[in-house]
Amino acid sequence: MAEDATQRAGAPGPTRNETGAVAEARNTEVRTVRGHADEAIARDAELLSAQLSQMRERLFPPSAKKALRSFTSGEAAKLIGVSDGYLRQLSISGEGPQPETGPGGRRSYTLETINALRRHLAGQHEKGSPKARQYLKWREPGEHLQVIAVTNFKGGSGKTTTSAHLAQYLALEGYRTLAIDLDPQASFSALLGYQPELDLSGNDTLYGAIRYDELRRPLREVVRPTYFDGLSLVPGNLELQEFEHTTPRQLAERGATDDLPFFARIGAVIEEMEAEFDVVVIDCPPQLGFLTLGALCAATSVVVTVHPQMLDVASMSQFLFMTADLLSVVREAGGTLGFDFLRYLVTRYEPHDGPQAQIAGFLRAQFGERVLTNAMLKSTAISDAGLTKQTLYEVGRENFTRGTYDRAMESLSAVNGEVEALIRAAWGRP
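In this report, we go over the structure that sits alongside the text. (Residues numbered from 1 in each chain as written. Predicted model: local features only at pLDDT ≥ 70, side-chain atom pairs only at ≥ 80, totals over all residues. Heavy atoms only, no water.)

### Comments concerning the pairing of strand 9 (residues 301–306)
Move 1: For strand 9, the buried fraction is high: six of the six residues fall into the buried class.
Move 2: Neither face of strand 9 is left uncovered, since the one carrying S301, V303 and T305 and the one carrying V302, V304 and V306 both have all their residues buried.
Move 3: Sheet topology places strand 4 (residues 146–151) next to strand 9; four bridges connect them, and they run parallel. When the sheet's bridge partners are listed, I148 is paired in strand 9 with S301.
Move 4: Where strand 9 and strand 10 (residues 341–346) come together, six bridges link them in parallel fashion. The residue of strand 10 that forms the bridge with V306 is V346.
Move 5: Crossover connection from strand 9 via helix 15 (residues 310–332) to parallel strand 10: handedness right-handed. (Buried < 20%, exposed > 50% of the residue type's maximum accessible area, 1.4 Å probe, protein only. Helix = DSSP H or I, 4+ residues; strand = E, 2+ residues; numbered from the N terminus. Pairing = 2+ DSSP bridges. Right-handed = clockwise from strand over helix to strand, strands pointing away.)

In structure tokens form, the structure reads like this:
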């Protein structure tokens, strides 16, 4: 009877080649999924999480934590802005922080050593002078904290990949950088070394600092270091979604009588640590909710990622209409809005794809200089690095076909260098 009922409900019955045990297991699975779908999904989640944990232990032994590779003397010299010969001379004379020396006298530099050398070289010049700033790019008094929101509410636009590479690029260039993951899916956190269900407990995201109740905590308590020297992270996980649920209730129950309106909360907590960072990169969720609005109100600049397909451009049009309407309401409610720059970034771009080239040209015709000159190319190198939850800045050139790696790295550096130039212009620097 049970088998007949299962078949009448639409479940496929046992085939001729199935044994009774296999058929029973199959029917049990069908009944479980239909009767207790939450339990089935929970088991799949636990299974996947366990496999990801095992993968991390295999990829990043012995501590199962990500670590950044060392850099060759040539790479270190380029990052610092000196010649390889000068860096070699510093090492020979024993001046300043010293690199690790391997077989054959080959020198390698960690990012910590590179940043220590930057501070050492800057200290040899007058503080705030152009020469000192060449080595140590930290912002000076009078230069405001740059908060960059990377946003779009259509999935697949390369938003998180853009955020991660931008944050790491800025850290490699010597800026004190804070990455904030506002996406409950937490892909940004995963790329920066944290697996939410294993490494975070409750109240460990930005939600802990912007919530409305007595459990609110200082932002400093949720900021975590990363394996990139100079790059810190406010990780994300599913609890961020609570802000989308508690804010409407707060608005209904207390109106505007709370200490801070929802749209000002993110900006207020960022100000708590303003003195410790030069740039904040916020990876916004792929929806136009309260978190995204709060990020846009906290932002001094915005980068909108666009995949050059007509459906994505049409979606972006709706996103811009909705954003404009909601931000106008925020402005009327007392929110302060004003960006140093608003730029559209073409992502996952294939220059030899005719339709994509047409869409990119269309965007440039409409928005002019607000479209970044450089596009983020679609590259197998970036995809392959992502298989191990890494970015292109973390993996060595030897792991890829040189041409593929060089093209991808050139694209990344061009895009991020263009954003860096906008940041410097906002500070009034040449």
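### Re the side chain of D183
Move 1: Structurally, D183 can be placed in the loop between strand 5 (177–181) and helix 9 (187–191).
Move 2: No salt bridge is formed by the buried D183, whose closest oppositely charged neighbour, K159, lies at an N-O distance of 4.1 Å.
Move 3: With residues near it in sequence (within four places) discarded, D183 still touches K159, L240, D283, C284, P285 and P286. (Lys, Arg positive; Asp, Glu negative; His and termini not counted. Salt bridge = Lys/Arg side-chain N within 4 Å of Asp/Glu carboxyl O. Contact = heavy atoms within 4.5 Å.)

### Quick notes on the sheet that holds strand 2 (residues 100–101)
Move 1: Read from one edge to the other, the open sheet built from three strands follows the order 1-3-2, with strand pairing classed as antiparallel. Looking at strand neighbours, the two that pair on one side only are strand 1 (71–72) and strand 2, the edges of this open sheet.
Move 2: Looking at chain direction, strand 2 and strand 3 (residues 107–109) are connected through two bridges and run antiparallel. Its bridge partner lying in strand 3, T101 is registered against R107.

### Describing the packing of aromatic side chains
Move 1: Applying the stated criterion to the full structure yields eight aromatic pairs.
Move 2: With centroids separated by 5.0 Å and ring planes inclined at 80 degrees, the aromatic side chains of F262 and F290 adopt a geometry described as edge-to-face. Of the two residues, F262 sits in helix 13 (residues 262–271) while F290 sits in helix 14 (residues 290–298), which places them 28 residues apart along the sequence.
Move 3: Geometrically, the ring pair formed by F400 and Y405 is stacked, given 5.9 Å between the ring centres and 20 degrees between the ring planes. (Phe/Tyr/Trp six-rings, centres within 6.5 Å; stacked < 30°, edge-to-face > 60°.)

### Some points on the sheet that holds strand 10
Move 1: Spatial ordering of the open sheet is given by 6-7-5-8-4-9-10, a layout of seven strands whose pairing is mixed. The sheet is open, and its two edges are formed by strand 6 (224–225) and strand 10, each paired on a single side.
Move 2: Together, strand 4, strand 9 and strand 10 form the strand contacts of helix 15, whose direction differs from that of strand 9 by roughly 150 degrees. (Axes fitted to C-alpha atoms, helices over the stretch in contact; angles between N-to-C directions.)

### Points about helix 4 (residues 73–80)
Move 1: Among the residues of helix 4, S73, A76, A77, L79 and I80 are the ones counted as buried. End-on view of helix 4: buried residues confined to an arc of 165 degrees, all on one side of the axis.
Move 2: Check the buried side of helix 4 and you find it contacts strand 1, helix 5 (84–93), strand 3, helix 6 (111–122), helix 7 (130–135) and helix 8 (159–172).
Move 3: Looking at the residues trailing helix 4, positive phi occurs at G81, about 95 degrees. (Arc of directions from axis to C-beta.)

### Things to note about the environment of A264
Move 1: Following the sequence through the fold, A264 ends up in helix 13.
Move 2: When the C-alpha positions of A264 and C297 are compared, they lie 6.8 Å apart, and in sequence the two are 33 residues distant.

### Regarding the nonpolar core
Move 1: Counting residues in hydrophobic clusters, the biggest one holds 59 residues, and the most contacted among them are L87, I148 and L392.
Move 2: No other element matches helix 18 (residues 402–426), which puts eight residues into this core.
Move 3: Two domains each provide a minimum of three residues to this core, namely domain 1 (71–135) and domain 2 (139–427). (Core = buried A, V, L, I, M, F, W, Y, C linked by side-chain atoms within 4.5 Å. Domains from an automatic or database assignment.)

### A few points about the pairing of strand 8 (residues 279–283)
Move 1: The buried count for strand 8 comes to five of five residues, which makes it a mostly enclosed element.
Move 2: Residues V279, V281 and D283 point to one face of strand 8 and V280 and I282 to the other, with burial holding for every one of them.
Move 3: Here five bridges tie strand 4 to strand 8, and the two strands are oriented parallel to one another. Paired with V147 across the two strands is V280, which belongs to strand 8.
Move 4: Relative to strand 8, strand 5 is paired through five bridges, and the arrangement is parallel. Bridge pairing links I180 to I282 in strand 8.

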